[in-house]
Amino acid sequence: MEVLNFLTEPLQYGFLTRALIVTVCAAVVASVLSCWLILMGWSLMGDAVSHAVLPGVALAYIIGIPFSIGAFVFGAGAVALIGLVKSTTKLKSDTVIGVVFTGLFALGLAIVSRTPSQVDLMHILFGNVLGVTNGELWQVVILGVLTLAIVLYKRRDLTLFAFDRTHAHVIGLNTRALSTLLLGLLALSVVVGLQAVGIILVVAMLITPGATAFLLTRSFDRMLIIASSLTAAASVAGIYASYYLDISTGAAVVLSQSLVFVLVYLFARRTGVLWQAASRRRLRRYSSQENHTRTRRINTTGVPTGSET
């Protein structure tokens, strides 16, 4: 009965129920997309887009339109700007990304500091999932379902694009369009995650799930399932932890996901650090026993093992 009370008590509050739905939705969307980001080495791009949306969010709050509109416009604009600068200069991708996202992030901070009474910087940076309204809940769910539907529909093309762009181009796939689609979906996933954990912590939701799943499997289909399942479970655990420990909800969710990564990093079969250390000890013990047995045979017969004719 105590366990049942533990699970049901937070759900008695409508704002916590909405927070749970929004967080799980955002986490699943981000975790699925993070698998492609990890494979393609686009983790820094996720960081860039999440920070670049700050001025869009701030302006949306100021003029009174849904923040998701401003966030998506500036997220997509940041992606386009990065592509433009990269194609017209000899700068490397990480340099261009760093220049663009820090510039846009600074612009957002300037806008927020200019109108402190109208924009709550803490809510933008770290989310306000406990203050989600029914309208915002439906907004997150609709955007999340739309993003997942597009990703799953184009899954095969996006996967081939991630593993071998040259082959994808040879068989007739429009790699530029796939790249644009993936970056657009990245912007959408950032918009979905903003309400749950804010601009700063949404980066973790776009990186940690894919990295965790990558340590557990080399099958991409299983990677998608593992990433979304573990992330959903960690998000629920984070919501409950934030309620009972009275800590920031967004931080609790991200810490739960990070804890899962640490456990996988340490204990995962074959790839875990402690698993590998135990395997090396077993191998050394086996080698030592073999050497001891060989030495005993030499001392007994006077002939090294394997030298008999």
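Below is a short write-up of the structure.

Side note on helix α8 (residues 134-153)
For α8, with 20 residues, the first-to-last C-alpha span of 28 Å sits near the 28 Å given by 1.5 Å per residue. By the burial criterion, the buried members of α8 are Leu137, Val140, Leu143, Gly144, Thr147 and Val151. For α8, the angular spread of buried residues about the axis comes to 140°, placing them on one side. Of the exposed residues in α8, the ones pointing more than 90 degrees away from its buried face are Gly135, Trp138, Ile142, Val145 and Tyr153. Check the buried side of α8 and you find it contacts α2 (14-40), α5 (67-88), α9 (155-163) and α11 (175-216).

Some words on the nonpolar core
Of all hydrophobic cores here, the largest spans 77 residues; its most connected members are Trp36, Trp42, Met45, Val49, Val53, Leu186 and Leu194. With 20 residues, α11 is the single largest residue contributor to this core. With sequence-adjacent residues up to four places away left out, Val49 is seen in contact with Gly75, Val79, Leu186, Ala187 and Val190.

A look at the pattern of salt bridges
Inspection of every chain in the model, using the stated rule, returns 2 salt bridges. With a closest N to O distance of 3.1 Å, Asp157 and Lys154 form a salt bridge.

A word on α11
Taking 1.5 Å as the rise per residue, α11 with 42 residues should run 62 Å; its terminal C-alpha atoms sit only 29 Å apart, a clear shortfall. The sharpest bend along α11 reaches about 110° and sits at Val197. With respect to burial, α11 is a largely interior element, 32 of its 42 residues being buried. Measuring from the side-chain oxygen of the N-cap residue of α11 to the backbone nitrogen of Arg176 gives 3.3 Å; that N-cap residue is Asn174.

Describing the packing of helix α3 (residues 43-52) against helix α6 (residues 93-114)
Pairs of packed helices are described in terms of their axes, by the angle between the two and the distance that separates them. α6 packs onto α3 with a crossing angle of 20° between their chain directions and a minimal axis gap of 8 Å. Put simply, α3 runs roughly parallel to α6. Remark: the crossing between α3 and α6 carries left-handed chirality. Residues Leu44, Met45, Asp47, Ala48, His51 and Ala52 of α3 pack against Asp94, Ile97, Phe101, Leu104 and Phe105 of α6. A class-by-class count of the residues in the contact of α3 with α6 yields 8 nonpolar, 1 polar and 2 charged.

Brief notes about a positive patch on the surface
Residues Arg269, Arg270, Arg280, Arg281, Arg282, Arg284 and Arg285 make up a contiguous surface patch of positive charge. Within the secondary structure, Arg285 sits in helix α14 (residues 273-301).

Remarks on the environment of Leu54
As for its placement among the helices and strands, Leu54 is situated in helix α4 (residues 54-63). Taking the relative accessible area as the measure of exposure, Leu54 reaches 0% and is therefore buried. Between the C-alpha atoms of Leu54 and Leu125, which are 71 residues apart in sequence, the distance is 8.2 Å.

The rules behind each value
- Residues numbered from 1 in each chain as written.
- Predicted model: local features only at pLDDT ≥ 70, side-chain atom pairs only at ≥ 80, totals over all residues.
- Heavy atoms only, no water.
- Helix = DSSP H or I, 4+ residues; strand = E, 2+ residues; numbered from the N terminus.
- Expected span 1.5 Å × (residues − 1).
- Buried < 20%, exposed > 50% of the residue type's maximum accessible area, 1.4 Å probe, protein only.
- Arc of directions from axis to C-beta.
- Contact = heavy atoms within 4.5 Å.
- Core = buried A, V, L, I, M, F, W, Y, C linked by side-chain atoms within 4.5 Å.
- Salt bridge = Lys/Arg side-chain N within 4 Å of Asp/Glu carboxyl O.
- Bend = angle between axes of the 7 residues up to and from the residue.
- Polar contact = N/O pair within 3.5 Å; in protein donor to acceptor, adjacent residues only side chain to side chain.
- Axes fitted to C-alpha atoms, helices over the stretch in contact; angles between N-to-C directions.
- Parallel < 35°, antiparallel > 145°, perpendicular 65-115°, else oblique.
- Left-handed = near helix turned anticlockwise from the far one by under 90°.
- Nonpolar A, V, L, I, M, F, W, Y, C, P; charged D, E, K, R; others polar.
- Patch = residues over 30% accessible without salt bridge, like charges linked within 9 Å, V, L, I, M, F, W, Y side chains within 5 Å.
- Areas by Shrake-Rupley, 256 points an atom, 1.4 Å probe, with all protein chains shown as cover.
- Lys, Arg positive; Asp, Glu negative; His and termini not counted.
- Charge placed at Lys NZ, Arg CZ, Asp CG, Glu CD.

Function cannot be read off these values alone, since they describe shape.
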